[in-house]
Amino acid sequence: KRKTRGAGAVQARSGPRSFAGLLDEAMLDRVPAEIATYLSAAAGPATTSTARKFCSVCGFESCYNCARCGMRFCSRKCNAVHAETRCLKFTA
């Protein structure tokens, strides 16, 4: 007796679906207007007045600026990486 492959194997062979394909499959245009969906939800403006400052190397909150180029970093380790690879003001 020969074994057949299930529907899961056929879908696995078709490859990954795109985000647009997943949105089409969800049929979000048929959802009532009072229910929030991916397409209708939106975030409001930030509540804080000051801009947040992030490290240019790792993305964590930073406290320090590079003296040569002004980019931000959070620690000595990130400063070393920045100085070696990312600092825009090279000295010749």
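Just above sits the structure.
Residues numbered from 1 in each chain as written. Predicted model: local features only at pLDDT ≥ 70, side-chain atom pairs only at ≥ 80, totals over all residues. Heavy atoms only, no water.

1. A word on the overall build of the protein chain
Moving on, step 1. Summing up its helical and strand segments, the protein chain has 3 helices and 2 strands in all.
Moving on, step 2. The order of α-helices and β-strands along the protein chain, N terminus first, is α-α-β-β-α.
Moving on, step 3. Looking at the protein chain residue by residue over its 92 residues, the buried ones come to 9%.
Moving on, step 4. In the protein chain, the share of contacts with a sequence separation of at least 24, taken over all contacts with a separation of at least 6, comes to 8%.
Moving on, step 5. Summed over all atoms, the accessible surface of the protein chain reaches about 8,300 Å², with 56% contributed by carbon and sulfur. (Helix = DSSP H or I, 4+ residues; strand = E, 2+ residues; numbered from the N terminus. Buried < 20%, exposed > 50% of the residue type's maximum accessible area, 1.4 Å probe, protein only. Contact = heavy atoms within 4.5 Å. Areas by Shrake-Rupley, 256 points an atom, 1.4 Å probe, with all protein chains shown as cover.)

2. What to know about unusual backbone geometry
Moving on, step 1. A positive phi angle, near 55°, is found at Met-27, a position not held by glycine.
Moving on, step 2. Mapping Met-27 onto the fold places it in the loop between α2 (19–26) and β1 (64–65).

3. Observations regarding the environment of Met-71
Moving on, step 1. Along the chain, Met-71 turns up in the loop between β1 and β2 (72–73).
Moving on, step 2. With 15 residues separating them along the chain, Met-71 and Arg-86 place their C-alpha atoms 9.1 Å apart.
Moving on, step 3. Discounting chain neighbours no more than four positions away, the residues touching Met-71 are Ser-56, Tyr-64, Asn-65, Cys-66, His-82 and Arg-86.

4. Concerning the pattern of salt bridges
Moving on, step 1. Taken as a whole and assessed by the stated rule, the structure comprises 1 salt bridge.
Moving on, step 2. For Arg-17, the salt bridge is made with Glu-25, and the minimal N-O distance between the two is 2.4 Å. (Salt bridge = Lys/Arg side-chain N within 4 Å of Asp/Glu carboxyl O.)

5. Overview of the state of the cysteines
Put plainly, two cysteines are in a disulfide when a covalent bond ties their sulfur atoms together.
Moving on, step 1. Summed over all chains, the structure comprises 0 disulfides.
Moving on, step 2. Here Cys-55 is not cross-linked by a disulfide; its sulfur's nearest cysteine counterpart is in Cys-58, at 3.7 Å.
Moving on, step 3. Look at Cys-55 and you get buried, because its relative accessible area is 6%.
Moving on, step 4. Take Cys-66: it sits in no disulfide, and the sulfur closest to it among the cysteines is that of Cys-69, at 3.7 Å. (Disulfide = S-S within 2.5 Å.)

6. Structural notes on the side chain of Ser-62
Moving on, step 1. In this fold, Ser-62 is placed in the loop between α2 and β1.
Moving on, step 2. Overall, Ser-62 belongs to the buried group, its relative accessible area being 7%.
Moving on, step 3. Within the structure, Ser-62 has its side chain in polar contact with the side chain of Arg-72 (distance 2.9 Å).
Moving on, step 4. Residues in contact with Ser-62, not counting those within four places in the same chain, are Lys-53, Phe-54, Cys-55, Arg-72, Phe-73 and Cys-74. (Polar contact = N/O pair within 3.5 Å; in protein donor to acceptor, adjacent residues only side chain to side chain.)

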